[in-house]
Protein chains: 2
Amino acid sequence: MTPAPTSIDWIAVDWGTSNLRVWAMDAGGILAEAQSDDGMGKLARDGFEAALLRLIAPWLGDRVTPVVACGMVGSRQGWHEAPYRAVPCTPLDRAALVAVPTTDARIRMMIAPGLKQANPADVMRGEETQIAGALALHPAFDGVLCLPGTHAKWAQISAGEVVSFQTFMTGEMFALLSTQSVLRHGMQGDGWDDAAFDAALSDALSRPEKIAARLFGLRAEGLIAGLTPQAAKSRLSGLLIGIELAAARPYWLGQAVSIIGTEALATSYARALAMQGVTARLLPATACTLAGLASLYQPMAAQ
Amino acid sequence: MTPAPTSIDWIAVDWGTSNLRVWAMDAGGILAEAQSDDGMGKLARDGFEAALLRLIAPWLGDRVTPVVACGMVGSRQGWHEAPYRAVPCTPLDRAALVAVPTTDARIRMMIAPGLKQANPADVMRGEETQIAGALALHPAFDGVLCLPGTHAKWAQISAGEVVSFQTFMTGEMFALLSTQSVLRHGMQGDGWDDAAFDAALSDALSRPEKIAARLFGLRAEGLIAGLTPQAAKSRLSGLLIGIELAAARPYWLGQAVSIIGTEALATSYARALAMQGVTARLLPATACTLAGLASLYQPMAAQ
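Keep in mind that what you see is a predicted model, and the values were worked out from it rather than measured.

**Details of the domain arrangement of chain A**
How big an interface is tends to be expressed through the accessible area that disappears when the partners come together.
So, step 1. When the domains of chain A are assigned, the result is domain 1 (5–125) and domain 2 (167–284).
So, step 2. Each of domain 1 of chain A and domain 2 of chain A has a C-alpha centre, and these two points are 32 Å apart.

**Some thoughts on the sheet that holds strand 1 (residues 10–15) of chain B**
Residue and element names in this part refer to chain B.
So, step 1. Overall, mixed pairing links the six strands, which are arranged 3-2-1-4-7-6 in an open sheet. The two strands at the open ends of the sheet, each matched to only one other strand, are strand 3 (29–36) and strand 6 (98–100). Strand-to-strand twist of the sheet, defined as the mean angle between neighbouring strand axes without regard to direction, takes the value 25°.
So, step 2. Across seven bridges, the pairing between strand 2 (residues 20–26) and strand 3 is antiparallel. Along strand 3, the bridge assignment pairs Asp 26 with Gly 29.

**Concerning the relation of the copies chain A and chain B**
So, step 1. Rotating chain A by 180° about the axis while translating it 0.0 Å along that axis superimposes it on chain B, leaving an RMSD of 0.0 Å. The two molecules are tied by a two-fold rotation axis, judged by turn and shift. When C-alpha distances to the rotation axis are compared across chain A, the minimum falls at Glu 209 of chain A, with a value of 2.9 Å.
So, step 2. The fraction of interface residues of chain A whose copies in chain B are also interface residues reaches 100%, indicating that both copies meet through the same surface.

**Notes on the pairing of strand 11 (residues 152–158) of chain A**
All names here are of chain A.
So, step 1. Of all seven residues in strand 11, five are buried; the element is thus mostly enclosed.
So, step 2. Where strand 10 (residues 143–147) lies against strand 11, five bridges are found, and the strand directions are antiparallel. The residue of strand 11 that forms the bridge with Cys 146 is Trp 154.
So, step 3. Taking the residues between adjacent antiparallel strands as the criterion, strand 10 and strand 11 are bridged by four residues, where Gly 149 takes a positive phi near 155°.
So, step 4. Sheet topology note: the strand 11/strand 12 (residues 161–168) ladder contains seven bridges and is antiparallel.

**As for the interface of chain A and chain B**
So, step 1. Taken together, the contacts link 35 residues of chain A with 35 residues of chain B.
So, step 2. It is helix 5 (residues 211–224) of chain A that provides the largest number of residues to the side of chain A that touches chain B, a total of ten residues.
So, step 3. By residue class, the composition of the side of chain A that touches chain B is 21 nonpolar, seven polar and seven charged.

**Brief notes about the environment of Glu 33 of chain B**
Residue and element names in this part refer to chain B.
So, step 1. Mapped onto the elements, Glu 33 comes out in strand 3.
So, step 2. Sequence separation between Glu 33 and Ile 224 is 191 residues, and the spatial gap between their C-alpha atoms is 49 Å.
So, step 3. The residues contacting Glu 33, other than those within four sequence positions of it, are Val 22 and Trp 23.

**Things to note about the packing of helix 6 (residues 229–247) of chain A against helix 5 (residues 211–224) of chain B**
So, step 1. Relative orientation of the contacting elements helix 6 of chain A and helix 5 of chain B amounts to 85°, with a least axis distance of 7 Å. As summarised for this structure, helix 6 of chain A and helix 5 of chain B are arranged roughly perpendicular, according to the angle between their axes. Across the interface between the two elements, Ile 243, Glu 244 and Ala 247 of chain A of helix 6 of chain A pack against Ile 211, Ala 212 and Ala 213 of chain B of helix 5 of chain B.
So, step 2. Class assignment for the residues of the contact of helix 6 of chain A with helix 5 of chain B results in five nonpolar, no polar and one charged.

The rules we used
Residues numbered from 1 in each chain as written. Chains lettered and ligands numbered in written order. Predicted model: local features only at pLDDT ≥ 70, side-chain atom pairs only at ≥ 80, totals over all residues. Domains from an automatic or database assignment. Pairing = 2+ DSSP bridges. Helix = DSSP H or I, 4+ residues; strand = E, 2+ residues; numbered from the N terminus. Axes fitted to C-alpha atoms, helices over the stretch in contact; angles between N-to-C directions. Least-squares fit on C-alpha atoms with pLDDT ≥ 70 in both. Contact = placed C-beta atoms within 7 Å. Buried ≥ 20, exposed ≤ 12 C-beta atoms within 10 Å, placed from the backbone. Nonpolar A, V, L, I, M, F, W, Y, C, P; charged D, E, K, R; others polar. Parallel < 35°, antiparallel > 145°, perpendicular 65-115°, else oblique.

Shown next, in the form of structure tokens:
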């Protein structure tokens, strides 16, 4: 259903490497949503405005509508660079929003900057908005946030600021190994094997130095020991999350952890942490993204 | 130059996933060689004989020429399956050669089986022939062989037998991460940085549990700290060889190690081992392959 343009206050945009998601918002929440696969990765600089308008044009009326975006759209290869802010700092700062000139006068386009950390060198774009959203939803939160995904992030939060963070290529490694490497031959189909996940996770956490030896074993066991595709895929996931947890131990050991993510992946991380005696709270990713973007818009509206 | 068919005793074939290499042989050695990219990975079962004949037809005469092949051509997805032999065993056994029926009566086609290990599960196809060649060239060798590559192998050799072995996906991981992952953006061009390789190797060997945290750092340092493409690529290599060495420590610690490989990669492994106080001998890969295949042919010729 297309809402009447007069009822829309602003438009929220989550624009990553692979996907573009937009929401028509009013003070009460979501009026409509849309998405496309016009991610940053497939657009030239002059293609962004048209890709956005393809989704939001039906929502635009006579007056100017604010559009607030986060994600890779603000990278150097994106629509318009929004320079990183350096931690320790609040996850978002309205004063750092970057205004983007547009051809279409019906929108006022703004992009939120990502965060950078000097040592160890690290960057994020998009997750800072989810972190801000988590803090908007739970203002008293102090502790650790885990954001699983293509480039999983762990962030230490204290007094409303991101103190430090670290990125792990866990999701991208899983995708490459399960679909592009020799392991793909033994991973077809769906299905999941919790016991295989648990065993691989424990093995990787207790002997992370063996990871390079474990991966080809998935192929070999498929060839000569009847390892099923669902067990192989679950073990690959357990191994990769296991070495992530091994390297992220300072983040979660004895800490209050909340996981911002989509259900299946967040549940796997929660299961993995529970095996280490850590009870994690789950926060839905989209709700955090929208709360973060709203925290940038709402002060504007109040002015 | 095409040798006269009458002068050829036999044809040696190294047939992997990506490439097909053939050599026209007599008792004195190589008379001619040829190669194509008709690897196992791109051929249907009925395409193998034609792919082979495209290279060797000029060498064939009136009498039957023996052809001895090793590699993925003998896998279940290859031309004709040559079932794995189980370690501990000699790397090759003439009695286990598998005869392959051909349409062309001018060749007598044989494929060497690979090796398998039950626990930990592992397999090899092609490397067993290089190992046999190394032992043919150095009959007294006892110790450890390292075979870097797409799927790097470490093998414990004793009394002419492969006692155990282990495979690492180091080469395939390097290829995927440097050309398919987000890290590819910071790895264009050639060039090498020994100091970056050495530092990453030491880091990965001393703290292998941090590997999952180190990889994205290559991207982040490229974005915010000016890491050069050649340093990034050298560090990626150092990190991946480092975690391989960490997992393979029981193979090389205090052992006599020989490396079978091509020059650049074998030199990187030798450098990495030298940093751990291990002096490795280098054996050229092609010479080992040919000596291994010859060890299968020569007893036939002597009968």
